[in-house]
Amino acid sequence: MSEDKRLLLLGDHAIALGALHAGLSGVYAYPGTPSTEITEFIQLSPLAKERNVHSAWCTNEKTAMEAALGMSYAGKRAMVCMKHVGMNVCADPFVNSGMTGVNGGVVVVACDDPSMHSSQDEQDSRFYGKFAMVPILEPSSQQEAYDMMSYAFDMSERLKLPVLMRMVTRMAHSRAVVKVSDTVRDTNNISVPESQLDWVLLPAVARKRNDRLTAMQPDLVKAAEESKLNILAQKGKARMGVIACGIAYNYVCENLNEMADYDVLRISQYPIPTQLVRQMAERCESILVVEDGQPFVEEQVRGILPIKTTIKGRLSGELPRTGELTPDSVRLALGLKAHDVREASQIVAPRPPQLCQGCGHRSVYDSLNEVIHNVYPDTKVFGDIGCYTLGALPPFRTLNSCVDMGASITMAKGAADAGLEHVVAVIGDSTFTHSGMTGLLDAINANAAITVIISDNLTTAMTGGQDSAGLNKYEAICLGLGLDKNHLFVVEPLPKNMPEIARIIRQELEYKGLSVIIPRRECLQTLSRKNKQKAK
Amino acid sequence: MKRDIVLAGVGGQGILSIATIIGDAAMKKGMYIKQAEVHGMSQRGGDVHSHLRISSEPICSDLIPRGCADIVISMEPMEALRYKPMLAPDGWIVTASSPFVNIPNYPDIEAIYAELKAVGNVRLFDAEQLAKENQMSRSVNMILLGAASHALGLDIATLSESVARVFGKKGEDIVNMNVKALELGAKCSQ
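Residues numbered from 1 in each chain as written. Chains lettered and ligands numbered in written order. Predicted model: local features only at pLDDT ≥ 70, side-chain atom pairs only at ≥ 80, totals over all residues. Heavy atoms only, no water.

**Student:** What exactly am I supposed to notice about the overall build of chain A here?
**Tutor:** A count of helical and extended segments in chain A gives 20 helices and 18 strands. Its C-alpha atoms give chain A a radius of gyration of 25 Å, within 12% of the compact-globule value 24 Å for 536 residues. Projected onto its principal axes, the C-alpha positions of chain A cover 75 × 65 × 55 Å. By residue count, 59% of the 536 residues in chain A fall in the buried class. Here the analysis covers contacts within chain A between residues at least 6 apart in sequence; of these, 78% occur between residues at least 24 apart. In the structure as shown, chain A presents an accessible area of about 21600 Å², 53% of it carried by carbon and sulfur atoms. Taking the average location of the 55 positive side-chain charges in chain A and that of its 60 negative ones, the two points are 3 Å from each other. (Helix = DSSP H or I, 4+ residues; strand = E, 2+ residues; numbered from the N terminus. Rg over C-alpha atoms; globule rule 2.2 N^0.38 Å. Buried < 20%, exposed > 50% of the residue type's maximum accessible area, 1.4 Å probe, protein only. Contact = heavy atoms within 4.5 Å. Areas by Shrake-Rupley, 256 points an atom, 1.4 Å probe, with all protein chains shown as cover. Lys, Arg positive; Asp, Glu negative; His and termini not counted. Charge placed at Lys NZ, Arg CZ, Asp CG, Glu CD.)

**Student:** What should I look at first to understand the packing of aromatic side chains in this one?
**Tutor:** The geometry of an aromatic ring pair comes down to the distance between the two centres and the angle between the two planes. Residue and element names in this part refer to chain A. What the rule picks out here adds up to five aromatic pairs over all chains. Residues Y365 and F396 carry aromatic rings whose centres are separated by 5.6 Å and whose planes lie at 40° to one another, so their mutual orientation is tilted. Taken together, the positions of Y365 in helix α15 (residues 360-374) and F396 in the loop between β14 (380-382) and α16 (407-418) put the pair 31 residues apart, joining distant regions of the chain. Take F396: its relative accessible area is 7%, and that puts it in the buried class. Plain terms: the ring middles of F432 and Y474 are 6.0 Å apart, the flat faces sit at 55° to each other, and that makes the pair tilted. (Phe/Tyr/Trp six-rings, centres within 6.5 Å; stacked < 30°, edge-to-face > 60°.)

**Student:** Looking at this structure, how should I read the interface of chain B and chain A?
**Tutor:** It is common to report an interface's size as the accessible area lost on association of the parts. Residue-level contacts link 51 residues of chain B with 49 residues of chain A. For the pair chain B and chain A, the two sides together bury roughly 4200 Å², of which 54% comes from carbon and sulfur. One can count four salt bridges joining chain B with chain A. A salt bridge links R351 of chain A to E76 of chain B; the nearest nitrogen and oxygen atoms lie 3.2 Å apart. Where chain B touches chain A, the interface holds 22 residue pairs in polar contact (both at pLDDT 80 or more). (Buried area = accessible area lost by both parts, 1.4 Å probe. Salt bridge = Lys/Arg side-chain N within 4 Å of Asp/Glu carboxyl O. Polar contact = N/O pair within 3.5 Å; in protein donor to acceptor, adjacent residues only side chain to side chain.)

**Student:** In this structure, what is going on with the sheet that holds strand β5 (residues 87-96) of chain B? I would like to understand it.
**Tutor:** Strand pairing in a sheet takes place through backbone hydrogen bonds and is either antiparallel or parallel in direction. Across the sheet, which stays open at both edges, the eight strands sit in the order β1(A)-β7(A)-β2(B)-β3(B)-β1(B)-β4(B)-β5(B)-β6(B) with mixed pairing between neighbours. What marks the edges here is a single partner per strand, and that holds for β1 (6-10) of chain A together with β6 (122-125) of chain B. Going from strand to strand, the sheet's axes swing by 20° on average, the running direction of each strand aside. Both strand β2 (residues 32-36) of chain B and strand β3 (residues 47-55) of chain B contribute to a ladder of five bridges, which runs antiparallel. Bridging from a neighbouring strand, A36 of chain B pairs with H51 of chain B of β3 of chain B. Contacts from helix α1 (residues 11-21) of chain A reach β1 and β7 (174-179) of chain A within the one sheet, and its direction differs from that of β1 of chain A by about 120°. (Pairing = 2+ DSSP bridges. Axes fitted to C-alpha atoms, helices over the stretch in contact; angles between N-to-C directions.)

**Student:** How should the pattern of salt bridges be read in this particular structure?
**Tutor:** Proximity of charged atoms lets side chains of opposite charge pair with each other. All names here are of chain A. The tally for this structure, following the rule as stated, stands at 38 salt bridges over all chains. Measuring nitrogen to oxygen at the nearest pair gives 2.7 Å for the salt bridge that ties D112 to R166. Of the two residues, D112 is situated in strand β4 (residues 106-112) and R166 in strand β6 (residues 163-168); the sequence distance between them amounts to 54 residues. Grouping residues by exposure puts D112 and R166 together as buried.

**Student:** Help me understand a nonpolar patch on the surface, please; the structure alone is not making it clear to me.
**Tutor:** Residues and elements named next belong to chain A. There is a patch of nonpolar side chains on the surface, built from Y73, I190 and V192 and spanning about 310 Å² of accessible area. Among the structural elements, Y73 can be located in helix α4 (residues 61-73). With a relative accessible area of 33%, Y73 lands in the partly exposed category. (Patch = residues over 30% accessible without salt bridge, like charges linked within 9 Å, V, L, I, M, F, W, Y side chains within 5 Å.)

**Student:** What's the story with empty space enclosed by the protein in this structure? I'm lost.
**Tutor:** Sizing a probe to match a water molecule and rolling it over the atoms shows the empty space that remains. All chains considered together, the criterion is met by three cavities of 30 Å³ or more. Roughly 90 Å³ of internal volume is contained in the largest cavity. Lining the largest cavity are 13 residues; nearest its centre among them are C356, C359, C387 and C523 of chain A together with R44 of chain B. Partitioning the lining of the largest cavity into residue classes produces eight nonpolar, four polar and one charged. There is about 60 Å³ of room inside the second largest cavity. In this structure, the second largest cavity is lined by C359, G360, H361, S455, D456, N457, P493, P519, R521, E522, C523 and L524 of chain A. Looking at the lining of the second largest cavity, its residues break down into five nonpolar, four polar and three charged. (1 Å grid on protein atoms, 1.4 Å probe; cavity = no way out; pocket = protein on both sides within 12 Å on 5 of 7 lines; lining within 4 Å. Points joined across faces, edges and corners; volume = space filled by probe spheres on them. Nonpolar A, V, L, I, M, F, W, Y, C, P; charged D, E, K, R; others polar.)

**Student:** Just checking my understanding: could you explain the domain arrangement of chain A for this structure?
**Tutor:** Residues and elements named next belong to chain A. What the domain assignment lists for chain A is domain 1 (6-185 + 198-215), domain 2 (231-339) and domain 3 (360-527). Relative placement of domain 1 and domain 3: their C-alpha centres are 33 Å apart. Counting residues at the interface gives twelve residues for domain 1, matched by 14 residues for domain 3. Summed over both sides, the interface of domain 1 with domain 3 buries roughly 910 Å², with 57% coming from carbon and sulfur. Counting the surface domain 1 buries against domain 3, the share from its top three residues, Y30, T59 and Q120, is 48%. The interface formed by domain 1 and domain 3 includes zero salt bridges. On inspection of domain 1 and its partner domain 3, the count reaches five residue pairs in polar contact (both at pLDDT 80 or more). Here the residues of the side of domain 1 that touches domain 3 sort into four nonpolar, six polar and two charged. (Domains from an automatic or database assignment.)

So this is what it looks like as structure tokens:
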């Protein structure tokens, strides 16, 4: 292998390059940490450009999943990328893609975020794979992430099923040297499914498709048992066995040279390879399950093995029940002595992230607080997902909720329905098009007494400034949904305009119907990037 | 050879550039590399850190075990102190001394210095001032990298070649300035 074929790649980049080399025709995604860099890599790739690979951002994960399924219908290989909570948004098409099956290969990449570095929950996407009854892959290294992509697309086309690729933050956002292939597979030609009805999930068809999918399950288990990705290593007279899933395998290996006798079963392909688990259990009195995220394997292994085997893991307390794994927590669970560690400093203070100095969201919150503190202290502000969620923290302390993409508007409506007065929703421009528009239609149809603030910074800021799907269309969208034009306001969130913005907020809080205020000023980060590029 | 390095700072201070240079240098030497970074919201003025592992042998974990880091390189003194539990018994801390105060409860800076010095192997110096004096205020990170070179086991010539490769597109002036910054930093560690 020549030296120039060794690249230092983020896990996300390894996936992107692996997919391109596997003949990808389109990536469909909405930005979300830690998945964003997969799509960005493809957007900047000369090979993708040369091949005209689709890579423009989608409005949300559901539109992304459906578009990918459409591309697959036409015979081409498509990839969908998202952060774990994006799986909730696309759950409907994702689960049903197991029923339709695929034509061109489909790989769905879900990047989980154990420890919630940039997320609101710790959900484990492997449950979705099991729920949809499709194969799941989980790489334990960047090299494997790269290699897995062609394996995943081939498997998807062979089984005619989508494949779920599960990543975690520490794999997505960690770099390592990856050897890449000299050969690049061609993209597929257009070809549509032979059957006219297979993709029409009417009950009569769906029952047949469900039978097909269900009948395939033993084959999927067998495939996992025979997969070169699942390896059972047996050394000495093992008493304790270890099942290590995906990245957890690295934390086990980190400590392996200090372990005398052991069995280690590495799982990187699911369903769980039942026979390999049983084979290990024959030699082991206890089995430690090491997996990042939720106890997905641990729970299932309890159903596979006889009662005499002790199963240890997150459920039994050997490993922490929540939070990402570390080499240290795994070390202790393996029964090894902790490294000597210096005491943590008692004077170090937390340094939480904050809105940039001069950011337009700041003026929005300052204006809102002006009204809340001086006029209507009973005001409740329902927030949403983005940089502006930081408005919940000091110095603002303005927000009362942040649940999921788009929940600000619908929760505000529900609270107003219940009888709360002075109700505000704060949502960003990209979040609004992602999942806020339908909720706004509900609110407009009911003329709910809420004030919706669409804080428009012309970009998807939190994930690094990706295109915002509704750019320059927000007034038109609101009016098109039926908003009274007398209650639509566009303001520029600058400190000097605060009195005017506060006046409008107060006036619309007093109005017993629906209003939309759009504070609009470009994100400072995006602006400075643009200026730098101009200077070049 | 194996070095486990924690890079620390505040979002936007340029710790990832340090990682890029070390990574490039290690790769040229044919070493294995793993580097876990932080992206996303945490970059907005919050604390950021990265685990960088380089080794002539294959590396398992992307994360460095606690108590095992050979060196902590920090752009900011309190951020250096935050990772004290990561440090190996004979590990080094190389940190800029000037505080970045963007929180109301920033601790007494003299107390931070005292606790840092108590660690033993510490290079605590005003990298920011040094950069200003030499008209290279955006190369504080490279000065720190230079100061850490002794503990990294990577010489200035190797790191300079990496600077030339990584910053090459930005032009000769930028490369020369950053190479000079490495050399200035290396002097501080003597």
